[in-house]
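As a plain string of letters, each chain reads:
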Amino acid sequence: MMKNITREIITVIIVLLGFQLAKGQSLKASAFPDRIILTWSADPTTTQSVTWRTDTTVHKSYAQVLMEDSSPDLEKDNSGEFVALTTSLQGAEYEKANYHSATMMGLKPDQVYTYRVGDGKNWSEWFQFRTAPAKVKPFSFIYLGDAQNDIKSKWSRVIRRAFATHGDARFIVHAGDLINRSNNDNEWGEWHFGAGFINGMIPSIPSSGNHEYFRDEQKVLTLDPHWRSQYTLPENGPKGLEESVYYIDYANVRLISLNSQMIVLDSNSMKIQAEWLEGVLKNNPKQWTMITYHHPIYSTAKGRDNKEFRDLFKPLFDKYHVDLLMQGHDHTYSRGQNLPTGVSGKVGGPMYVVSVAGPKMYKIDVSPRWMDVFAENTQLFQIISVDNDKLVYTAYKASGEVFDSFSLKKTNKEKAAVFTDLKK
């Protein structure tokens, strides 16, 4: 009789949990770590940052890391233990929770490590990651456009298909609008649920979009507090824009994230970011330069043109031979090169791409169309591979079918890369 009652209680709990997830709600925080995500805040060759969530009963947490040697004896010592910095999110608009951030330092380049996070009693599972190489060698990464809506239901399959297509990707670029409603903890819960263990294995490089912003009681444009709590990112951007404007050097690539929401809505921020960007581009020792931001400087929809953004930033992209611009916002797919007058050309120059990973879709209604390749009503992900002086870009549909592909060949850092269409 007792066994039957216990079984019934367990069944009810499982049903309730399943119902909660089915409704798209995030599970309540507990003493056990969740929403574990890798990012970088320093040199990817020798460090790795990790952030996670618990309830507010956990005030002190740790990250433990050791070089992977395939032995199950992972708890043999705590020499690679790092104390986490803890911050709180408490408010009616999001769940009361603590976020813990640690940067694992003193690592060796191009090595597989295993790590876990916890409070000394409640630990996560052991995850793996690989540090960046100190020397130039081939690698690939994933680029995703907006997730935004129906994240758990319809976006999750796209990031999982991207991982299944190239599980050895070195990082994932998110081009803004990761959620739909700023300050909504349930939506952040869906986003973390959708990526699951992928976030704990492959570092994320997120760029903020308009849906990560809200206006506070004083009508000040404000970035969702979740952003800096759940992501540990470089603070090498302009003052006041730390962790939303930054750059990371990986192998022979400099990858830059701009905050286009502040660019299009704040003229002072636009100038500050342009000045900062020129310094980062001018003093760039890397062979390839890629930039991600949310609002396209060439839109696929009427009424969404960002002329001021384009007029100030495009000359910098051209002057310093930026190779690839990874954008979102327009909820379509489009790709075009150079665009000296707003019409695509083959002269050579920056490659502009707009993509969407989530299910929210818009129509393409600009004329003349600036793009060489475009699509509507299609969820996609992109795999970008860099092998010394050659870059191969491939856009995949959610089904895994190749939709678009091209290569760029770098003959000289001071010149635009040579383009070849690989899909024709």
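Residues numbered from 1 in each chain as written. Predicted model: local features only at pLDDT ≥ 70, side-chain atom pairs only at ≥ 80, totals over all residues. Heavy atoms only, no water.

A. Representation of the nonpolar core. Within the largest apolar cluster, 93 residues are counted, with the highest numbers of intra-cluster contacts made by Trp-191, Leu-258, Leu-277 and Phe-317. With residues up to four places along the chain from it excluded, the contact list for Trp-191 reads Ile-37, Ala-147, Ile-151, Trp-155, His-174, Leu-178, Ile-179, Asn-199 and Tyr-231. Val-65, Met-104, Val-117 and Phe-129 belong to the second-largest nonpolar core, a separate cluster that totals 16 residues. (Core = buried A, V, L, I, M, F, W, Y, C linked by side-chain atoms within 4.5 Å. Buried < 20%, exposed > 50% of the residue type's maximum accessible area, 1.4 Å probe, protein only. Contact = heavy atoms within 4.5 Å.)

B. The arrangement of the sheet that holds strand S21 (residues 380–387) in detail. Pairing within the open sheet is mixed, and its 7 strands lie in the order S11-S10-S9-S21-S22-S23-S24. Edge positions in the open sheet fall to strand S11 (204–206) and strand S24 (418–421), since each of these has one partner strand only. Ignoring strand direction, the axes of neighbouring strands in this sheet form an average angle of 20°. Of the strands in this sheet, strand S9 (139–144), strand S10 (172–174), S21 and strand S22 (390–397) are in contact with helix H2 (residues 151–165), which crosses S21 at around 25°. (Pairing = 2+ DSSP bridges. Helix = DSSP H or I, 4+ residues; strand = E, 2+ residues; numbered from the N terminus. Axes fitted to C-alpha atoms, helices over the stretch in contact; angles between N-to-C directions.)

C. Local environment of the pattern of salt bridges. Considering all chains together, one arrives at 22 salt bridges under this definition. Lys-314 serves as the salt-bridge partner of Asp-318, at 2.5 Å between the closest nitrogen and oxygen. Residue Asp-318 and its partner Lys-314 are located together in helix H8 (residues 307–319), separated by 4 residues, close to a single helical turn. What makes Lys-314 buried here is its relative accessible area of 9%. Salt-bridge contacts for Arg-335 lead to Asp-404; the nearest nitrogen and oxygen are separated by 2.6 Å. Within this pair, whereas Arg-335 is found in strand S18 (residues 333–337), its partner Asp-404 is found in strand S23 (residues 402–409), the two being separated by 69 residues in sequence. Here the two residues Arg-335 and Asp-404 agree in accessibility, since each one is buried. Ionic contacts of the salt-bridge type, sharing partners, join the residues Asp-34, Arg-35, Arg-53 and Asp-185 into one network. (Salt bridge = Lys/Arg side-chain N within 4 Å of Asp/Glu carboxyl O.)

D. Molecular detail of the packing of aromatic side chains. Scanning the entire structure with this criterion turns up 25 aromatic pairs. Where Tyr-298 meets Tyr-352, the ring centres are 5.7 Å apart and the plane angle is 80°; that geometry is what we call edge-to-face. Taken together, the residues Tyr-298 in the loop between strand S16 (288–292) and H8 and Tyr-352 in strand S19 (residues 351–354) connect sequence positions 54 residues apart. Taken individually, Tyr-298 and Tyr-352 each receive the classification buried, so the pair is uniform in this respect. Put simply, the rings of Trp-40, Phe-139, Phe-141, Phe-171 and Tyr-250 pair up and form one aromatic cluster. Directly above the ring of Trp-123 sits Arg-116, whose terminal nitrogen or CZ lies 4.0 Å from the centroid. (Phe/Tyr/Trp six-rings, centres within 6.5 Å; stacked < 30°, edge-to-face > 60°. Lys NZ or Arg CZ within 6 Å of the ring centre and 35° of its normal.)

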